[in-house]
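Survey of secondary and tertiary structure
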Amino acid sequence: MDGVSAFDEPLKKLLGGATAKVMAEHLDLHTVGDLLHHYPRRYEERGRLTALSDLPLDEHVTVVAQVADARVLTFNGGRGRRLEVTLTDGHGRLQLVFFGHGVHKPHKELLPGRRAMFAGKVSVFNRKMQLAHPTYQLLDAEGAEGAGDSEAVDAFAGRLLPIYPACKQLDSWRIAKAVDTVLPRAGEAVDPLPPGLREGRGLTALPEALLKVHRPRTKADIAEARDRLKWDEAFVLQVALARRRYADTQLPAAPRRPVPDGLLDAFDARLPFTLTEGQRKVSAEIFDDLATDHPMHRLLQGEVGSGKTMVALRAMLGVVDAGGQAAMLAPTEVLAQQHHRSVTEMMGDLAEGGLLGGSEQGTKVVLLTGSMGAAARRQALLDLVTGEAGIVIGTHALIEDKVKFHDLGLVVVDEQHRFGVEQRDALRSKGKQPPHLLVMTATPIPRTVAMTVFGDLETSVLDQLPAGRSPIASHVVPAKDKPHFLTRAWDRVREEVEGGHQAYVVCPRIGDDAEDEAAGKKAKKKAAEDEGEKRPPLAVLEIAEQLAKGPLAGLRVEVLHGRMNPEDKDDVMRRFAAGEVDVLVATTVIEVGVNVPNATAMVIMDADRFGVSQLHQLRGRVGRGSAPGLCLLVSEAHEASPARARLSAVAATLDGFELSRIDLEQRREGDVLGQAQSGVRSSLRMLAVIDDEEVIAAAREEAVAIVAADPELSGLPELRTALDALLDKEREQYLDKG
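Keep in mind that what you see is a predicted model, and the values were worked out from it rather than measured.

What counts, and where the lines are drawn
- Residues numbered from 1 in each chain as written.
- Predicted model: local features only at pLDDT ≥ 70, side-chain atom pairs only at ≥ 80, totals over all residues.
- Heavy atoms only, no water.
- Helix = DSSP H or I, 4+ residues; strand = E, 2+ residues; numbered from the N terminus.
- Buried < 20%, exposed > 50% of the residue type's maximum accessible area, 1.4 Å probe, protein only.
- Areas by Shrake-Rupley, 256 points an atom, 1.4 Å probe, with all protein chains shown as cover.
- Contact = heavy atoms within 4.5 Å.
- Pairing = 2+ DSSP bridges.
- Salt bridge = Lys/Arg side-chain N within 4 Å of Asp/Glu carboxyl O.
- Axes fitted to C-alpha atoms, helices over the stretch in contact; angles between N-to-C directions.
- Phe/Tyr/Trp six-rings, centres within 6.5 Å; stacked < 30°, edge-to-face > 60°.
- Expected span 1.5 Å × (residues − 1).
- pLDDT = per-residue confidence, 0-100.

1. Overview of the overall build of the chain
Check the secondary structure of the chain and you find 28 helices and 21 strands. For the chain, with 738 residues in total, the buried portion stands at 53%. Only carbon and sulfur atoms are counted for the fraction: they give 51% of the accessible area of the chain, which is about 31900 Å².

Okay, here's the thing in structure tokens:
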């Protein structure tokens with residue numbers, strides 16, 4: 001967010017090569033500006049100890065605590081030595097353990113009564129929380145001087161100790177030291193906020209905010225700094241989005257209005273059910289957009305099974321009525337095939353335009369994927385270029401150069417987060433004018449995230465389920481603590497099958513050679529870093545074999561995963577849909593779009609290895625018919641772990657919006673927009689999308705007003721500089737995921 005000034009100076013010049021290298025590799029910090037925007041996660045008060053009872057498992061933590069006792073134990077017949085130190089916060093206790101040659105120094109320094117900061121990864125050993133080989137920094141004067149580091153004491157003489165997001169290679173207090181080195185440069189920060197806005201909202205100047213966030217004297221300093229820094233992030237991002245929306249409204253598009261008594265009316269007349277009120281309302285919003293002369297950019301979010309495909313199909317039929325073509329993009333071949341199957345089933349003879357027995361109002365619906373045979377592919381391409389096919393459904397293969405349309409009017413993108421900017425542009429160039437765009441996502445997104453991540457799209461929400469959907473009961477099965485619960489889970493699956501229904505069993509891994517080799521290497525590397533390594537995730541091929549021989553012997557068990565060839569996948573899905581398979585053991589291939597109303601039970605193995613929204617998606621595959629659904633979340637996670645808390649949340653509610661909120665609250669700051677959307681680190685470091693709803697909404701209003709008055713921002717050079725910093729290449733891609 002800073003000018004081409006001191007903020008762009010590489011850290012190597014100021015901190016030395018070794019520290020700069022660790023910062024670049026492990027924390028993605030490269031310049032002075034990066035480090036000044038690496039804010040403390042929290043602050044410890046010098047006199048107070050950290051509450052040890054609420055430490056999260058498996059995470060890198062920094063705590064201030066007091067040594068209660070320390071003792072050296074020997075093992076291996078006296079050859080090995082181990083130092084065990086017990087820390088206390090006055091209530092809870094935490095064990096530290098040091099091995100081998102690492103025992104000598106801490107044994108001299110960590111004497112009972114001493115206070116220090118400790119950093120390491122929290123694990124459980126013998127049912128006790130522990131840190132293995134933590135790094136530490138003594139906080140009491142004599143101890144620190146005894147360690148020959150009196151400046152450490154001066155650095156921590158302030159009452160509030162900043163605790164930075166750290167990593168194994170670089171602990172929080174070393175980061176604090178590096179920040180001290182670059183902090184004098186904060187005075188050169190270029191302020192992106194227009195002066196009127198800053199004064200009007202009573203916000204601190206940027207250099208002062210940076211000083212106060214890193215070295216606060218009081219809690220009020222922290223609050224003031226945070227308010228200011230949140231505004232920067234929210235505002236610059238909203239300006240970027242407002243400019244993109246503005247640019248989109250300047251693009252031309254052909255209005256597409258359905259003709260009376262055409263394909264859409266014929267389709268509606270044959271529907272065996274009435275649309276829900278939500279479907280009607282959202283359809284009206286879409287048809288209004290399609291009738292305008294600049295491109296629609298709309299996000300359609302809906303609960304699993306709320307009938308999004310039906311809404312999208314009606315929009316596509318309306319565009320075909322108006323003489324255009326519609327393309328639907330799916331992230332995988334399996335999904336494209338399923339969409340094609342369900343669209344042609346819904347349309348019946350209307351999907352056989354130009355064929356004997358087809359309806360005269362009909363059109364052709366073609367499928368286009370990478371693995372099609374050459375002849376089928378040639379025919380599909382020909383149908384598209386002549387306009388014979390009004391609707392095409394496919395994967396990324398649709399975007400290739402060879403694909404030419406007669407007149408592309410609408411693009412529907414399913415599960416949008418897998419699509420980047422290049423794909424969107426490539427598709428746009430396929431139309432005579434930019435086509436209308438409808439993006440569908442089955443992961444409900446809280447309003448503020450929608451305003452932030454998809455801020456360049458208008459949003460429609462489908463939140464009621466169609467009539468006839470059954471409730472799904474969900475339960476956590478603690479396989480480690482209560483193995484008999486797992487036995488009971490397989491009995492339940494057998495009962496469902498005996499009652500004439502079918503079941504899914506989902507595993508995180510396939511278990512074939514290529515994957516095992518990679519997983520084996522990863523597990524070895526991990527085990528070397530961390531003695532108590534977890535076992536690899538359960539695999540489809542192994543579990544299927546165990547079930548067929550053991551608890552589900554006699555049932556028809558089949559497997560489905562992404563490395564099978566497309567014909568085999570299709571064949572298994574077809575037989576499962578036809579009721580010829582009782583239990584399908586699969587990877588998350590079935591996460592989206594599989595529709596088998598007779599499947600009533602799902603067992604998710606190692607459920608703690610999936611994200612909240614993914615579990616919600618998977619669960620939506622059962623209870624699609626008239627019989628109630630059952631979802632069992634099997635986990636070996638420790639009862640007190642964050643993973644188990646996540647599973648309990650999923651079991652407790654079927655409301656996807658509520659779950660997406662929980663999901664966000666449980667993820668680390670910045671994760672929401674960073675890794676979650678694009679694999680790059682997010683530019684949001686201070687803004688917690690879920691808590692700062694008012695800031696985001698206010699920033700959006702200000703941004704819209706500023707862009708409307710001055711789309712090029714010619715009067716605001718500092719804001720332009722900040723935008724360029726935000727929208728470097730990676731950010732540009734992430735913003736354009738919409």
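What follows picks up the thread again.
2. Re the environment of F405
One can find F405 in the loop between β12 (389-394) and β13 (408-414). Overall, the relative accessible area of 10% leaves F405 in the buried class. For the pair F405 and L384, spaced 21 residues apart in sequence, the C-alpha separation works out to 5.2 Å. Setting aside anything within four residues of it in sequence, one finds F405 in contact with Q325, A327, L384, V385, V392, L398 and K430.

3. Here's the deal with the pairing of β13
The buried fraction of β13 amounts to 7 of the 7 residues, a majority that puts the element mostly inside the structure. Relative to β13, strand β10 (residues 325-329) runs parallel, the two being bridged by 5 bridges. Note on β13: the bridge partner recorded for L329 is V413. Alignment of β13 against strand β14 (residues 436-441), held across 5 bridges, turns out to be parallel. Looking across to β14, one finds that V413 is bridged to V439.

4. Some points on the environment of A326
Checked against the element boundaries, A326 lands in strand β10. For A326 and P435, which are 109 residues apart along the polypeptide, the C-alpha to C-alpha distance reads 9.0 Å. If we skip the residues at most four places from it in the chain, A326 touches M316, G390, I391, V392, L408 and L410.

5. Considering the pattern of salt bridges
Within this structure, the stated rule accounts for 33 salt bridges. In this structure, E84 and R82 form a salt bridge, with 3.0 Å as the shortest nitrogen-oxygen distance. Salt-bridge contacts for R198 lead to D191; the nearest nitrogen and oxygen are separated by 3.1 Å. Residues joined by salt bridges that share partners form a network here, namely D191, R198, R228 and D232.

6. Side note on the sheet that holds strand β20 (residues 599-604)
Across the sheet, which stays open at both edges, the 6 strands sit in the order β16-β21-β20-β17-β19-β18 with parallel pairing between neighbours. The strands lining the two open edges of the sheet, one partner per strand, are β16 (472-478) and β18 (557-560). Within this sheet the neighbouring strands show an average axis-to-axis angle of 20 degrees, counted without direction. Relative to strand β19 (residues 583-586), β18 runs parallel, the two sharing 4 bridges. Across the sheet, the residue bridging to V557 is V583, located in β19. Against the sheet, helix α23 (residues 642-652) makes contact with β16 and β21 (629-635), and its axis sits at roughly 160 degrees relative to β16, the strand it touches most.

7. Comments concerning the packing of aromatic side chains
Describing an aromatic ring pair means giving the distance of the ring centres and the angle of the ring planes. Enumeration over the complete set of coordinates arrives at 3 aromatic pairs. Note on F98 and Y136: the rings are 6.5 Å apart at their centroids and 85 degrees apart in plane angle, and the pair reads as edge-to-face. One end of the pair, F98, is in strand β4 (residues 93-99); the other, Y136, is in strand β7 (residues 135-138), and 38 residues separate them in sequence. With respect to class, F98 is no different from Y136; both count as buried.

8. Comments concerning the sheet that holds β13
Taken in spatial order, the 7 strands make up an open sheet running β11-β12-β10-β13-β14-β9-β15, and their pairing is parallel. One side of each edge strand has no neighbouring strand; the edge strands of this open sheet are β11 (364-368) and β15 (458-462). Pairwise comparison of adjacent strand axes, ignoring direction, gives a mean angle of 20 degrees for this sheet. The sheet contacts of helix α14 (residues 333-347) involve β10, β11, β12 and β13, and relative to β11 the element is tilted by about 170 degrees. Sheet contacts for helix α15 (residues 374-386): β10, β11 and β12; angle to β11, the most-contacted strand, approximately 130 degrees.

9. Section: unusual backbone geometry
Within the chain, D28 stands out as a residue other than glycine whose phi angle is a positive 60 degrees. The residue D28 is located in the loop between α2 (17-27) and α3 (32-36) in this model. By relative accessible area, which is 31% here, D28 ends up partly exposed. Of note in the backbone geometry, H133 takes a positive phi value of approximately 45 degrees without being a glycine. As for its position among the elements, H133 is in the loop between β6 (128-132) and β7.

10. With respect to the side chain of T395
One can find T395 in the loop between β12 and β13. The class of T395 is buried, set by a relative accessible area of 7%.

11. So, helix α13 (residues 308-321)
Between its first and last C-alpha atoms α13 spans 20 Å; for 14 residues at 1.5 Å apiece the expected length is 20 Å, and the two agree. Among the 14 residues that make up α13, 13 are buried, leaving the element largely enclosed by the rest of the structure. Downstream of α13 by a residue or two, G323 has a phi angle that is positive, lying close to 90 degrees.

12. Digging into the environment of A705
Mapped onto the elements of the fold, A705 is located in helix α26 (residues 693-709). Residue classification places A705 among the partly exposed positions, given a relative accessible area of 46%. Separated by 463 residues in the primary sequence, A705 and A242 place their C-alpha atoms 9.1 Å from one another.

13. Concerning the confidence of the model for the chain
Scored by pLDDT, the chain has a mean of 81; 84% of the residues are at 70 or more. Below pLDDT 50 for its whole length, residues 143-149 participates in 10 contacts with residues either more than four positions away or in separate chains.

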